[in-house]
Amino acid sequence: MSYSLSTITSVAECDTLLANARADRRSFEHKRSILLFVQENSANTASARQAALLEVTADIAALDAQIAATPEGQRKEDYITDRFRKIARQRDLSSTNKSGSPARVVDDELEIARLTSNIDDTNDFITQVEARKVEING
């Protein structure tokens, strides 16, 4: 975008614009960095959760076989208790509220795109103001 920088007539005005733009850029970069970190961490967490879910599902299948093959008694009761614990863990791992809803992920992606665009626009503005500053200095 082209700005009406011809109305700026002093180096001090340029310096003020540059300071404000650089502060804005730092803020945009910080927000984007946080969202990218959360996004990356969520992806890693989702992979770990999926692996743990596969493991606990396999454990439940093994316990089902052991329960079916074990005669009545304390050992069978222990297997059943362990199976209930594994099922609770499976439900916990399957819960979507811990890893974030798909809508939240897409919303964060949109915000990252907006922040990236703001950073690009701010960089363009800074470049134009710096050029105007050079013009003023002669």
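How each quantity is defined
Starting afresh in each chain, residues are numbered from 1 along the sequence in its written order. Where local features are concerned, this predicted model is filtered to residues with pLDDT of at least 70; where side-chain atom pairs are given and counted, the filter is 80 or more; whole-chain, interface and lining totals use all residues. For side-chain calculations, the full set of non-hydrogen atoms in the structure is used, while hydrogens and water are omitted. Only DSSP runs of H or I reaching four residues or more are called helices, and only runs of E reaching two or more are called strands; each is numbered from the N terminus. With the radius of gyration taken over C-alpha atoms, the globule rule is written as 2.2 Å times the number of residues to the power 0.38. To form a nonpolar core, buried Ala, Val, Leu, Ile, Met, Phe, Trp, Tyr and Cys residues must be joined to one another through side-chain atoms within 4.5 Å. The classification of residues rests on relative accessible area computed with a 1.4 Å probe and restricted to protein chains. Under 20% of the type maximum is buried, over 50% is exposed, and intermediate values are partly exposed. The criterion used for residue contact is that any of the two residues' heavy atoms lie within 4.5 Å. Nonpolar side chains (Val, Leu, Ile, Met, Phe, Trp, Tyr) are joined into patches within 5 Å and like charges within 9 Å, using only residues with over 30% relative accessible area and no salt bridge. Methods summary: accessible areas were calculated by the Shrake-Rupley approach with a probe of 1.4 Å, and residue burial reflects only the protein chains presented. Whenever Lys or Arg places a side-chain nitrogen within 4 Å of a carboxyl oxygen from Asp or Glu, that contact is recorded as a salt bridge. What pLDDT reports is the predictor's confidence in each residue, on a scale of 0 through 100. Side-chain rings of Phe, Tyr and Trp, where Trp is taken by its six-membered ring, are said to pair if the distance between their centres is within 6.5 Å; with planes under 30 degrees apart they count as stacked, over 60 as edge-to-face, and otherwise as tilted. By this rule, a helix spans an expected 1.5 Å times one less than how many residues it contains. Axes here mean lines fitted to C-alpha atoms, for a helix over just the part in contact, with angles spanning 0 to 180 degrees between N-to-C directions. For this classification, under 35 degrees means roughly parallel, over 145 means roughly antiparallel, 65 to 115 means roughly perpendicular, and everything else is oblique. Definitions for this section: a left-handed crossing has its near helix turned counterclockwise from the far helix by less than a right angle. A right-handed crossing has that turn clockwise. Charged means Asp, Glu, Lys or Arg here, nonpolar means Ala, Val, Leu, Ile, Met, Phe, Trp, Tyr, Cys or Pro, and polar covers whatever is left, Gly included.

**Section: the overall build of the protein chain**
Of the regular secondary structure elements, the protein chain holds 3 helices and 0 strands. Listing the helices and strands of the protein chain from first to last along the sequence gives α-α-α. Against the compact-globule benchmark of 14 Å for 138 residues, the protein chain has a radius of gyration of 29 Å, which places it well outside the compact range. Counting only C-alpha atoms and orienting by the principal axes, one finds that the protein chain spans roughly 95 × 20 × 15 Å.

**Structural notes on the environment of Arg114**
Positionally, Arg114 belongs in helix α3 (residues 102–137). In this structure the C-alpha to C-alpha distance between Arg114 and Ala131, which are 17 residues apart in sequence, comes to 26 Å.

**Looking at the nonpolar core**
Of all hydrophobic cores here, the largest spans 8 residues; its members are Leu5, Ile8, Cys14, Leu18, Ala21, Phe125, Ile126 and Val129. Of all the secondary structure elements, the ones that give two or more residues to this core are α1 (11–69) and α3. Those residues in contact with Val129 that lie beyond four places of it in its chain are Leu5, Cys14, Leu17 and Leu18. Leu35, Ile112, Leu115 and Ile119 belong to the second largest nonpolar core, which has 5 residues in total.

**Description of a nonpolar patch on the surface**
Residues Ile34, Phe37 and Val38 make up a contiguous nonpolar surface patch of roughly 280 Å² in combined accessible area. With relative accessibility at 57%, the residue Phe37 sits in the exposed group.

**Structural notes on the environment of Glu55**
By the secondary structure assignment, Glu55 is in helix α1. The exposure class assigned to Glu55 is exposed, which follows from its relative accessible area of 52%. Linking Glu55 and Gln90, residues 35 residues apart in sequence, is a C-alpha distance of 9.3 Å.

**A closer look at the confidence of the model for the protein chain**
This prediction gives the protein chain a mean pLDDT of 89; 96% of its residues lie at or above 70. When mean pLDDT is taken per element in the protein chain, α3 scores highest with 93 and helix α2 (residues 74–94) scores lowest with 88.

**Looking at the packing of aromatic side chains**
Enumeration over the complete set of coordinates arrives at 1 aromatic pair. Seen in terms of ring centroids, Tyr3 and Phe125 are 4.9 Å apart; in terms of plane orientation they differ by 85°. Their pairing is edge-to-face. Of this pair, Tyr3 sits in the segment before α1 while Phe125 sits in helix α3, and the two are 122 residues apart along the sequence. Relative accessible area serves as the criterion here: at 28%, Tyr3 is assigned to the partly exposed category.

**A short note on the environment of Ser94**
Take Ser94: it is sitting in helix α2. Considered as a pair, Ser94 and Ala58 are 36 residues apart in the sequence and their alpha carbons are 14 Å apart.

**Overview of α3**
The periodicity of an α-helix, 3.6 residues per turn, causes residues three or four positions apart to be oriented the same way. Compared with an ideal rise of 1.5 Å per residue, which puts 36 residues at 52 Å, α3 spans 53 Å between its outermost C-alpha atoms and is within 8% of the ideal. Within the sequence span of α3, burial applies to Asp108, Ile112, Leu115, Ile119, Thr122, Phe125, Ile126, Val129 and Arg132. Elements in contact with the buried residues of α3: α1.

**Notes on the packing of α1 against α3**
Relative orientation of the contacting elements α1 and α3 amounts to 160°, with a least axis distance of 9 Å. In terms of their interaxial angle, α1 and α3 are classed as roughly antiparallel. Read as a crossing pair, α1 and α3 show a hand that is left-handed. Its residues assigned to classes, the contact of α1 with α3 shows 15 nonpolar, 6 polar and 12 charged.

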